[in-house]
Amino acid sequence: MGDLLTLRQHKLPVKVVVFNNGALSFVELEMKAQGFLEAGTALDNPNFADVAKAVGIEGIRVGDPGELEGAIQRALQHDGPVLLDVVVNRQELTFPPKITFEQAHGFSLWMMKAVLNGHGNELMDLAKTNFIR
């Protein structure tokens, strides 16, 4: 919030992009890589574009991938600060440059635990999002 207020006060033409997936995804990924079922990582995020507007800067929210290019153009053409709130798929994985054996082992352990604990649908969503095109 302080950063948004600073952008407004100084009228800095900074463009902020929020990849809004409703979760602490890096924490979830670390938990999965260690073989733990994720817990306490879901977020009930506000509409960050509305938050930006409330503090006096341009806010743009994108929920449809087809609207992304136009929203980016609009943000870049705006003279002042902009917050671009892009709703993304929570299951989209961010892979590190190098995957260690321990990470692969932990991820395999997470998959087994997910299925055994009735969360097989999450595993299917993860596979569909990241591997099945």
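Nothing here was measured: the structure is a model prediction, and the numbers come from that model.

Scoring rules and cut-offs
Residues numbered from 1 in each chain as written. Predicted model: local features only at pLDDT ≥ 70, side-chain atom pairs only at ≥ 80, totals over all residues. Heavy atoms only, no water. Buried < 20%, exposed > 50% of the residue type's maximum accessible area, 1.4 Å probe, protein only. Helix = DSSP H or I, 4+ residues; strand = E, 2+ residues; numbered from the N terminus. Pairing = 2+ DSSP bridges. Right-handed = clockwise from strand over helix to strand, strands pointing away. Axes fitted to C-alpha atoms, helices over the stretch in contact; angles between N-to-C directions. Contact = heavy atoms within 4.5 Å. 1 Å grid on protein atoms, 1.4 Å probe; cavity = no way out; pocket = protein on both sides within 12 Å on 5 of 7 lines; lining within 4 Å. Points joined across faces, edges and corners; volume = space filled by probe spheres on them. Nonpolar A, V, L, I, M, F, W, Y, C, P; charged D, E, K, R; others polar. Patch = residues over 30% accessible without salt bridge, like charges linked within 9 Å, V, L, I, M, F, W, Y side chains within 5 Å. Areas by Shrake-Rupley, 256 points an atom, 1.4 Å probe, with all protein chains shown as cover. Salt bridge = Lys/Arg side-chain N within 4 Å of Asp/Glu carboxyl O. Polar contact = N/O pair within 3.5 Å; in protein donor to acceptor, adjacent residues only side chain to side chain. Phe/Tyr/Trp six-rings, centres within 6.5 Å; stacked < 30°, edge-to-face > 60°.

A. How the structure looks around the pairing of strand S3 (residues 82–87). Burial analysis of S3 places five of its six residues in the buried class, which makes it a mostly covered element. Sheet topology places strand S1 (residues 15–20) next to S3; six bridges connect them, and they run parallel. Among the inter-strand pairings, Asn-20 is bridged to a residue of S3, identified as Val-87. The pairing of strand S2 (residues 58–62) with S3 spans five bridges and is classified as parallel. Looking at S3, one finds that Gly-59 is bridged to Leu-83. In this view, the connection linking S2 to its parallel neighbour S3 by way of helix H4 (residues 68–77) has right-handed handedness.

B. The arrangement of the sheet that holds S1 in detail. Strand order in the open sheet formed by three strands is S1-S3-S2, with parallel pairing between adjacent strands. Looking at which strands have only one partner, the edges of the open sheet turn out to be S1 and S2. Strand-to-strand twist of the sheet, defined as the mean angle between neighbouring strand axes without regard to direction, takes the value 15 degrees. Seen against the sheet, H4 touches S1, S2 and S3 and runs at an angle of roughly 170 degrees to S2.

C. Summary view of the layout of surface pockets. Of the voids in this model, the largest pocket is the one considered here, and its volume is about 410 Å³. Contributing to the lining of the largest pocket are 23 residues, with Asn-21, Ser-25, Phe-26, Arg-90 and Glu-92 lying nearest its centre. Of the residues contributing to the lining of the largest pocket, the split by class is 10 nonpolar, seven polar and six charged.

D. Fine view of a nonpolar patch on the surface. A grouping of Val-17, Phe-19 and Val-88 is seen on the molecular surface, where their side chains present a nonpolar patch of about 270 Å² in accessible area. Here Val-88 is to be found in the loop between S3 and helix H5 (101–116).

E. A look at the side chain of Thr-129. Within the secondary structure, Thr-129 sits in helix H6 (residues 120–130). The buried category is assigned to Thr-129, whose relative accessible area is 12%. Reaching out from Thr-129, the side chain makes a polar contact with the backbone oxygen of Asp-125 at a distance of 2.9 Å. Not counting residues up to four positions away in its chain, the partners in contact with Thr-129 are Asn-89, Gln-91 and Glu-92.

F. Here's a closer look at the pattern of salt bridges. Inspection of every chain in the model, using the stated rule, returns two salt bridges. Among the ionic pairs, Arg-74 bridges to Glu-58, the shortest N-O distance being 2.7 Å. Of this pair, Arg-74 sits in helix H4 while Glu-58 sits in strand S2, and the two are 16 residues apart along the sequence. Where Arg-61 meets Asp-85, a salt bridge forms, and the shortest distance between an N and an O atom there is 2.6 Å. Of this pair, Arg-61 sits in strand S2 while Asp-85 sits in strand S3, placing them 24 residues apart in sequence. Looking at Arg-61, the relative accessible area reads 36%, which means it is partly exposed.

G. Representation of the packing of aromatic side chains in the model. For the structure on display, the rule yields one aromatic pair. Ring geometry for Phe-107 and Trp-110: centres 5.2 Å apart, planes at 40 degrees, overall tilted. Of the two residues, Phe-107 and Trp-110 both sit in helix H5, three residues apart, roughly one turn of that helix. As far as the burial class goes, Phe-107 and Trp-110 line up, both buried.

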